[in-house]
Every structure is written in C-alpha cells, then in structure tokens.
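# Examining the three-dimensional arrangement
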Amino acid sequence: MTAVNLYAQRRARVAAQLGAGGIAIIPTALEHPRNRDSDFLFRHDSYFYYLTGFTEPHASLVITAEGECTLFCQPKDMEREIWDGIRLGPEAAPAALGVQAAHAITTLDTHLPRMLENRSTVWYPFAIHKGLEGRVDGWLHAVRARVRYGALCPEQQRDLCGILDEMRLVKDDHELDIMRRASQISARAHIRAMQRSAAMLRAGQEVREYHLDAELLHEFRQHGSQYPAYGSIVAGGANACVLHYRADKALIQSGDLVLIDAGCELDGYASDITRTFPANGKFSGPQRELYDLVLASQDAAIAATHQGARFVEPHEATVAVLAQGMLDVGLLDKNKVGSAQDVIANRSYFQFYMHRTGHWLGMDVHDCGSYVEPSQVGQFSERKDPLSGELIKDRPSRILQPGMVLTIEPGIYVRPGAGVPEQFWNIGIRIEDDAVVTATGCELITRDVPVKADEIEALMRA
Ligand code: GLY
Ligand code: MN
Ligand code: MN
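What counts and what doesn't
Residues numbered from 1 in each chain as written. Chains lettered and ligands numbered in written order. Predicted model: local features only at pLDDT ≥ 70, side-chain atom pairs only at ≥ 80, totals over all residues. Heavy atoms only, no water. Near = heavy atom within 4 Å. Polar contact = N/O pair within 3.5 Å; in protein donor to acceptor, adjacent residues only side chain to side chain. Areas by Shrake-Rupley, 256 points an atom, 1.4 Å probe, with all protein chains shown as cover. Nonpolar A, V, L, I, M, F, W, Y, C, P; charged D, E, K, R; others polar. Donors = N, O, S within 2.8 Å, 3.2 Å for Na, K, Ca; no water. Tetrahedral: all angles 85-135°; square planar, octahedral: opposite > 155°, others 65-115°. Helix = DSSP H or I, 4+ residues; strand = E, 2+ residues; numbered from the N terminus. Buried < 20%, exposed > 50% of the residue type's maximum accessible area, 1.4 Å probe, protein only. Salt bridge = Lys/Arg side-chain N within 4 Å of Asp/Glu carboxyl O. Disulfide = S-S within 2.5 Å. Pairing = 2+ DSSP bridges.

### Considering the site of ligand 1
In the vicinity of ligand 1, the residues found are Tyr 230, Asp 261, Asp 272, His 359, His 366, Glu 409 and Glu 432. His 359 is positioned such that a nitrogen or oxygen atom in its side chain is 3.0 Å from an oxygen atom of ligand 1. Contact between ligand 1 and Glu 432: an oxygen atom at 3.2 Å from a side-chain N or O atom of the residue. Alone, ligand 1 offers 190 Å² of accessible surface; in the complex the protein occludes 83% of this. Considered class by class, the residues forming the shell around ligand 1 number one nonpolar, two polar and four charged.

### Re the coordination of the manganese ion (ligand 2)
Taken together, the protein ligands of the manganese ion (ligand 2) are Asp 272 (OD), His 359 (NE2), Glu 409 (OE) and Glu 432 (OE), with distances of 2.0 to 2.2 Å. Geometry at the manganese ion (ligand 2) is irregular, judged from its six donor atoms and the angles of 50 to 154° they form at the metal. In the primary sequence, the donor residues of the manganese ion (ligand 2) line up as D-x86-H-x49-E-x22-E. Between the manganese ion (ligand 2) and the manganese ion (ligand 3) the interatomic distance comes to 3.3 Å, and Asp 272 is a ligand of both metals. A residue pair is termed long-range when its members are at least 10 positions apart, and Asp 272 in the loop between β15 (269-270) and β16 (273-278) and Glu 432 in the loop between β21 (428-430) and β22 (433-437) qualify at 160 residues. Each member of the pair, Asp 272 together with Glu 432, is buried.

### Focus on the pattern of salt bridges
Applying the stated criterion to the full structure yields 30 salt bridges. Between Glu 265 and Arg 43 there is a salt bridge whose closest N-O contact spans 2.8 Å. Linking Glu 265 in strand β14 (residues 264-266) with Arg 43 in the loop between β3 (38-39) and α2 (46-52), this pair joins segments that are 222 residues apart in sequence. Judged by relative accessible area, which is 5%, Glu 265 ranks as buried. For Arg 43, a relative accessible area of 22% puts it in the partly exposed group. Arg 80 is the partner of Asp 84 in a salt bridge, and the nearest nitrogen-oxygen pair spans 3.0 Å. In this pair, Asp 84 and Arg 80 both sit in helix α3 (residues 78-84), four residues apart, roughly one turn of the helix. We classify Arg 80 as partly exposed; its relative accessible area is 33%.

### So, unusual backbone geometry
Here the phi dihedral of Arg 36 falls at roughly 40°; this positive angle occurs in a residue that is not glycine. Position of Arg 36 among the secondary structure elements: in the loop between β2 (33-35) and β3.

### Describing the state of the cysteines
The tally for this structure, following the rule as stated, stands at zero disulfides. The closest cysteine sulfur to the non-disulfide-bonded Cys 368 is located on Cys 161, 8.1 Å from its own sulfur.

### A word on the pairing of strand β5 (residues 69-73)
Summarising burial for β5: five of the five residues are buried, a large majority. Side-chain alternation along β5 places Cys 69, Leu 71 and Cys 73 on one buried face and Thr 70 and Phe 72 on a second face that is also buried. Looking at chain direction, strand β4 (residues 60-64) and β5 are connected through four bridges and run antiparallel. Counted as the bridge partner of Leu 61 is Leu 71 from β5. The loop that links β4 with its antiparallel partner β5 comprises four residues; one of these, Gly 67, has a positive phi angle of about 90°. Looking at chain direction, β5 and strand β6 (residues 101-104) are connected through four bridges and run parallel. Within the sheet, the bridge partner assigned to Thr 70 lies in β6 and is Ala 101.

### Digging into the pairing of strand β13 (residues 257-262)
Burial runs high along β13: six of the six residues are buried. Of the two faces of β13, the one holding Leu 257, Leu 259 and Asp 261 and the one holding Val 258, Ile 260 and Ala 262 are both buried throughout. Bridge count for strand β11 (residues 233-236) against β13 is four bridges, and the pairing is antiparallel. Considered in β13, the bridge of Gly 236 is made with Val 258.

Next up, the structure:
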C-alpha cells in the first residue's frame, strides 16, 4: 500500500465512525516560541500526522461522515519559502496527500462556518489544542447567525480522541516496521554510550553525563532519527534515584552505576529504552545483586505479556518478584513488613519501586489508548489505598491484543535512610524494553542492546 493510501484508509475509518451528519476537525500542533524570535523545534501533532503524514505547521484537516477530506495548509509564498523552506501548498495537496480539497489555512475562519452548517455533530480532540474550543465556539457562532436563513447549527460537540486513540492503540504493519527501526537505532545508541563510558574511564578521562548524552544524540542523528522521543535521562550514581532526572553535567565516577533512559523518534514514532550499567564496565556485588533482581522481575513481566492478558498483569508479575526479592536481599525486613504477600498488600515495596511497569508506546512516548477495557468500563470495585488512605476505583484493566505496543520497565531506587542496608544506598536501576503483543506472547523490539549483566560487562570490555 502506498503511504497516500494508508492515510486515506485511516481517514475513511474515522469518517465511518462519525455518525450521520458528523464532521471532524483535526489541527496540527502550534509552533512554540523558545526565546525572542527563536522557536522550539516544531513537532507535528500526532493525531494530525496519523491521518495525513503531513509535517508542516499551520495546518488543519476536516473530515466529513461522507468521507470528504479537506486540508487547510500554508499557502505558497516565495518570500516565506526563502526563509523557512518549501511549502506543499493547497494546489499540490490533493495529489500529494489524497485529500479531496485543500485551501489556504488563512481562510479557515471563512470556510469552517460553511462546512459546519447543517451538520449534526462536531468532533475534535478535546483538551489537546490550546484555544481550539474557543475557535469552534466562534465558528458555531457564525453558523448560528445564519439560522434565520434556514441554516441548521450542530447540536453536539464530541471528543474525537476516543475514536483516534482506539485506532492508534493497535499498530499496523507500517507502524510496527518504523517502531522496530527506531528501536534498533536506540539500541545502538545505548551500546555506544556504554562502550564510550568504559573507554573514557580506562583512558583516565573525565566522564560527565553530557558526554554520554552526546553519544546518544550522535547515534540517533547518524541513523536518520529526527530527534530524541523525550528528554534523555543520563544519570550517574545517586542521580539515578531521581525518576525524571535529565542528562546534566555531573561527573561519573568509576564504580558508579549509570542509568540511561533514552530513545529516538523516527518518522513520528518513539522508542523508549532504559539500561543501567557500571560506568567502568564491572558491577560491584551489591549493584549486581539488585540488578539481577530487577532483571528477574522484568522476565516475569515479559512472560505475563501476551494476547488475552490484562495490561496490569505484567505490573503485578513484576511486583511479586520485587516484593520477594526485597525481603531476600534485606532491603525490607520481614520482621517489620511481614511476608511477600504483606509487602504487596501494604505496598511496602513502594519505598523502592514507585512507578508502574509500563505504558503504551507509539507516536507519543506515553502513547494514547485507554488502560481500561472498553467493554467493561461500567464495572468497578472500590478499595482503600494502604499508603494514602484514598478510596480508589479499580476498573477492569485493558485486555492485550496483537499489535498493541507497551514498555516493560521495572526498577529499584534506593535512597539512604534509617534501616536501609548501606551497601545499597544511592543505587538506582531500571531496565526498560519495548514489546509488541503477538498471538503467542510478545516481541521485544529493543533487545539489540543486551540486558544480562554478564553481556553488558562483555560489551563494555570490547
Ligand atoms: N522515558 C519515559 C518513560 O520511560 O516512561
Ligand atoms: Mn517508558
Ligand atoms: Mn523510558
């Protein structure tokens, strides 16, 4: 299938779900100023791109229930194109993108009221685009001004995210192919950073977090990735215990662990890998003990990831292994916290493992898609959280289907504290891989970078 057909097919699937008289509006992202007259690097809106493959700013797509698609995009403008680059332009858009019509984005406010006239329902992504609700309001206001002449004004506004999220949650072959390639690039970047760390320390050079960040970026761009999929985390030593740490300037000491959570974005799709490795290439005893525990918990989560399982099952499998392991290695004292079952029930593990084991992955690193099974959304049970005392409503977790992509990322983060064995202080470990759910289990698409401690040591000696 050509790319044009692929996007046209997705638009047709949206059109078929809008209901009689429906119309949908999907803008791309806004440009964001960084300072004075410099903007942040532009990144298209994921929904818009999913339906068009079009990456220029200042564009909107309109789809009707009858399948008529209209693109609004930047008009051709020789002067602006000299400064900012070639624009596709509305004249070329129908042939290039397979839409039925295209107009200059500058005419959106004149076209939209006419397009909304006599429609029953306006769909657009709620709470995504700042100011869009107000603009829709303005267009509807213009329609209302014409009701005296017999025009009908839409009576309903509906959130388009629900339709698009469900479509995006299950990836097609085209998407999976890009995601596999993005993962391969990211895996190479992790290997490069690991090897560079050991080589620099062996050569007696100073290693700082930004040196390793530079290695990641080099590999991403070298293989055609447009940018990192999110701010890379490169955390030496105790910094690894800060979950949202960013690559900064801290000195990495021989004997430290380094946690790198980084993945490239390739052609609109994210990858998301974490590896934790000894800066000098050799795990210490306590580091290795916790590393092997996190890895065992990841193995359990991977085994729990398959068609028909609930999204929450890999997390539960991780927690079961970590709870027992924290007791075994002495991070938790069974005289104080009881058995592994007690550790799970009371969430005592939370002191050292305070995040979930995964999330959907796709165009967005924390991708869209409901974590609740849609067919069971009305069912819930209530329980009191043992730590916060908050009343929590549990709804049935999503049932995994082939083509869904999720991360599997257990960790252990040990901050110094009373009763915490000192040999583990300031160790932060996370291991993160990306998994495609298949009919028989899951395909780990990020394993070009090894994960076993011995294999990491071997490649860092190379
Ligand atoms: N890199 C963000 C995450 O792992 O969720
Ligand atoms: Mn992740
Ligand atoms: Mn990550």
